[in-house]
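# Observations on chain architecture
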Amino acid sequence: MTPINRAIPPTIRPIESFSLPTPRKELLNNGIPIFYFDNPNLDLIHLLVQVRTGSLYQPAKHVCNFAYTLLRESSPRLSTHEMSEKLDFYGTNITVNVGMENVQLLISMPKNNLPDILPLIAECILTPKYNPDNLRIMQDKEIKNLAYNEHKTDYRSWRIMWKEMLGDHYPAVSEFASTDTLNAVTVKQLQDFHKESFCAENVTLMVTGNLDPTLEQHIRNIWSVVPHGVRSSDIPHIPAPAHRDLIYDPMPDCLQSSIVLFCNSIGYNDPERTKFSVLNTLTGGYFSSRLMQNLRERQGLTYGVSSANTFFGSQSVFTINSDVNADQTQEALDSCYEELQRLQEEPVTEDELNMVKNYMAGILLRAVDTTVNAMQKFAYWYRFGLDESEMQRYFSEIKNVTPDDILFLAKKHFEHNKFTNIVVGRYLAEK
């Protein structure tokens, strides 16, 4: 048998096309859409409850996170301990993800247990009775987390970035968290926010597993009683913050500094979004990116550096972030701009561009490799008015991205004067 030469990489075969199956869809009598992702081999049912709300909609800081995270502990009939025992007994898990304009409740349960446990969970979600003791416990936990995070340069740098980005537009998000803001949350605020946000107009359901007509009828019966309300409004476009060369938060005893370069950027439905995602990946979106090669491999300034778009409303914020050696903070900033400038002046080679395209295609395939993952990816696209056809469109567009496209977008979006620099830690250039 011929030994494998591990110095020779396997042949790369480009992905020409890939399509996802179209989920079944129905509307409940209250207008809630349900998408069914059938999988006869999956007896663990996964139900995704997607709510059109989030921190951008909350009346005061922390309210959205507390209101939805505490749902599983807010049964109107059972104590926290009793509800926890029920979930354990029926092998059920509830994961809560609270975003800026979206909340997801992912409930997984064995198929045979769904009729017994789902009505109890639905009571918590539809008619929660918030317990002051549970609120106090969560507040104390978050206060301890805050005390810990306050000493982390990366936490403080992101906090400053969102303060600059959102400013006075969304003070309930941009305001710095504190012991006072955490202690100020009340049970009444949670009740009022839940009542306003959790209505049929804001809810979408998605379910995957070994479904049958009886199970589907159970799901319909439970969620058809969600009351009507007012659909959460669209998030208006937020003007780009005023350019500032440097925002410096000194922490003199740190061995590392956290740096963030950020600017206002394109929305998810922008025609250039897929091409820009190729540019972003090339810049700092994977391990062999330009920034990683420069800051980590060539100069040893950091263990890692990355770039990304965080989407909200009709826009996003583009960021480059890293933790770097404190005494080389300025060198790291200069190196970031050096790579941005190089992308504006030198066309990327076909080989490098093809490597990025293949990486991006592979990552997307891995993101939909199970029906649960495919459902969650569909849920993300659905937020922006898209469906499963986004998969094929994505493959087609990245395949056709050219070096000229990258050069054009870099010149358009990576101008130096669009970025604001944040440094948290020790910035020796000022000494």
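The rules we used
- Residues numbered from 1 in each chain as written.
- Predicted model: local features only at pLDDT ≥ 70, side-chain atom pairs only at ≥ 80, totals over all residues.
- Heavy atoms only, no water.
- Pairing = 2+ DSSP bridges.
- Helix = DSSP H or I, 4+ residues; strand = E, 2+ residues; numbered from the N terminus.
- Axes fitted to C-alpha atoms, helices over the stretch in contact; angles between N-to-C directions.
- Salt bridge = Lys/Arg side-chain N within 4 Å of Asp/Glu carboxyl O.
- Buried < 20%, exposed > 50% of the residue type's maximum accessible area, 1.4 Å probe, protein only.
- Polar contact = N/O pair within 3.5 Å; in protein donor to acceptor, adjacent residues only side chain to side chain.
- 1 Å grid on protein atoms, 1.4 Å probe; cavity = no way out; pocket = protein on both sides within 12 Å on 5 of 7 lines; lining within 4 Å.
- Points joined across faces, edges and corners; volume = space filled by probe spheres on them.
- Nonpolar A, V, L, I, M, F, W, Y, C, P; charged D, E, K, R; others polar.
- Contact = heavy atoms within 4.5 Å.
- Core = buried A, V, L, I, M, F, W, Y, C linked by side-chain atoms within 4.5 Å.

### Re the sheet that holds strand β10 (residues 315–325)
Here 5 strands make up an open sheet; going across it, the order is β7-β11-β8-β10-β9 and the pairing mixed. Either end of the sheet is taken by a strand with one partner, and the two such strands are β7 (247–250) and β9 (302–312). Each adjacent strand pair in this sheet contributes to an overall mean axis angle of 15°, direction not counted. Looking at chain direction, β7 and strand β11 (residues 420–425) are connected through 4 bridges and run parallel. Paired with Ile247 across the bridge in β11 is Ile422.

### Quick notes on the pattern of salt bridges
All chains considered together, the criterion is met by 22 salt bridges. Across the pair Glu339 and Arg298 runs a salt bridge, and its minimum N-O distance is 3.3 Å. Of this pair, Glu339 sits in helix α12 (residues 329–345) while Arg298 sits in helix α11 (residues 290–298); the two residues are 41 residues apart in sequence, bridging distant segments of the chain. Given the relative accessible area of 0%, Glu339 is considered buried. With its nearest N and O atoms 2.6 Å apart, the salt bridge here joins Glu390 to Arg393. With Glu390 and Arg393 both in helix α15 (residues 390–399) and 3 residues apart, the pair spans about one turn of that helix. On the accessibility criterion, Glu390 (4% relative accessible area) is buried. Residue Arg393 is classed as partly exposed on the basis of its relative accessible area, which comes to 28%.

### Focus on unusual backbone geometry
Residues other than glycine seldom take positive phi values, yet His62 does so here, at roughly 80°. Mapped onto the elements of the fold, His62 is located in the loop between β3 (44–51) and α1 (63–69).

### Some words on the environment of Glu82
Within the secondary structure, Glu82 sits in helix α2 (residues 80–89). A polar side-chain atom of Glu82 sits 2.9 Å from the main-chain amide nitrogen of Ser79.

### Examining the sheet that holds β3
Working definition: the strands of a sheet are paired by backbone hydrogen bonds and lie parallel or antiparallel to each other. Here we have 6 strands laid out as an open sheet, ordered β1-β2-β6-β3-β5-β4, and mixed in their pairing. Whereas interior strands pair on both sides, the edge strands pair on one side only; in this sheet they are β1 (24–27) and β4 (93–98). If you compare each strand with its neighbour and ignore which way they point, the axes differ by 15° on average. Strand direction decides the pairing type here: β3 and strand β5 (residues 103–110), joined by 8 bridges, are antiparallel. Note that in β5 the partner of His46 across the bridge is Ser108.

### A look at the layout of surface pockets
Where empty space is left becomes clear once a probe the size of a water molecule has been rolled over the atoms. Estimates place the volume of the largest pocket at around 780 Å³. Counting residues per element, the ones that place at least two in the lining of the largest pocket are α1, α4 (132–149), α5 (153–166) and α6 (171–174). No other element matches α5, which puts 5 residues into the lining of the largest pocket. Looking at side-chain class alone, the lining of the largest pocket contains 12 nonpolar, 8 polar and 5 charged residues. Quantified by volume, the second largest pocket comes out at close to 590 Å³. Where the lining of the second largest pocket is concerned, the elements lending two or more residues are α10 (273–285), β9, α13 (350–367), α14 (371–383) and α15. Broken down by element, the lining of the second largest pocket gets its largest block of residues, 6 residues, from α10. Taken together, the residues of the lining of the second largest pocket break down into 12 nonpolar, 6 polar and 3 charged.

### A few points about empty space enclosed by the protein
The tally for this structure, following the rule as stated, stands at 1 cavity of 30 Å³ or more. A volume near 50 Å³ is recorded for the largest cavity. Together, Tyr68, Leu71, Arg72, Ile94, Val96, Leu105, Ile121, Cys124 and Ile125 line the largest cavity. Of all the elements in the fold, those that place two or more residues in the lining of the largest cavity are β4 and α3 (114–126). If you tally residues by element for the lining of the largest cavity, the top one is α3, at 3 residues. Considered class by class, the residues forming the lining of the largest cavity number 8 nonpolar, no polar and 1 charged.

### Focus on the environment of Asn149
Its location among the elements puts Asn149 in helix α4. In this structure Asn149 comes out as buried when scored by relative accessible area, which is 18%. Not counting residues up to four positions away in its chain, the partners in contact with Asn149 are Tyr155 and Arg156.

### Some details on the nonpolar core
Grouped together as the largest cluster of nonpolar side chains are 76 residues, with contacts concentrated most on Val49, Phe198 and Trp223. With 9 residues, the top contributor of residues to this core is α3. Here Val49 is in contact with Val103, Gln104, Leu105, Ile107, Phe198, Val203, Thr204, Leu205 and Trp223, once residues within four sequence places are set aside.

### A closer look at the environment of Val96
Note on placement: Val96 falls in strand β4. C-alpha of Val96 to C-alpha of Val49: the two residues are 47 residues apart in sequence and 9.7 Å apart in space. Ignoring sequence-local partners within four residues, the contact set of Val96 consists of Tyr68, Thr69, Gln104 and Leu105.

Nothing here speaks to function; it is all geometry.
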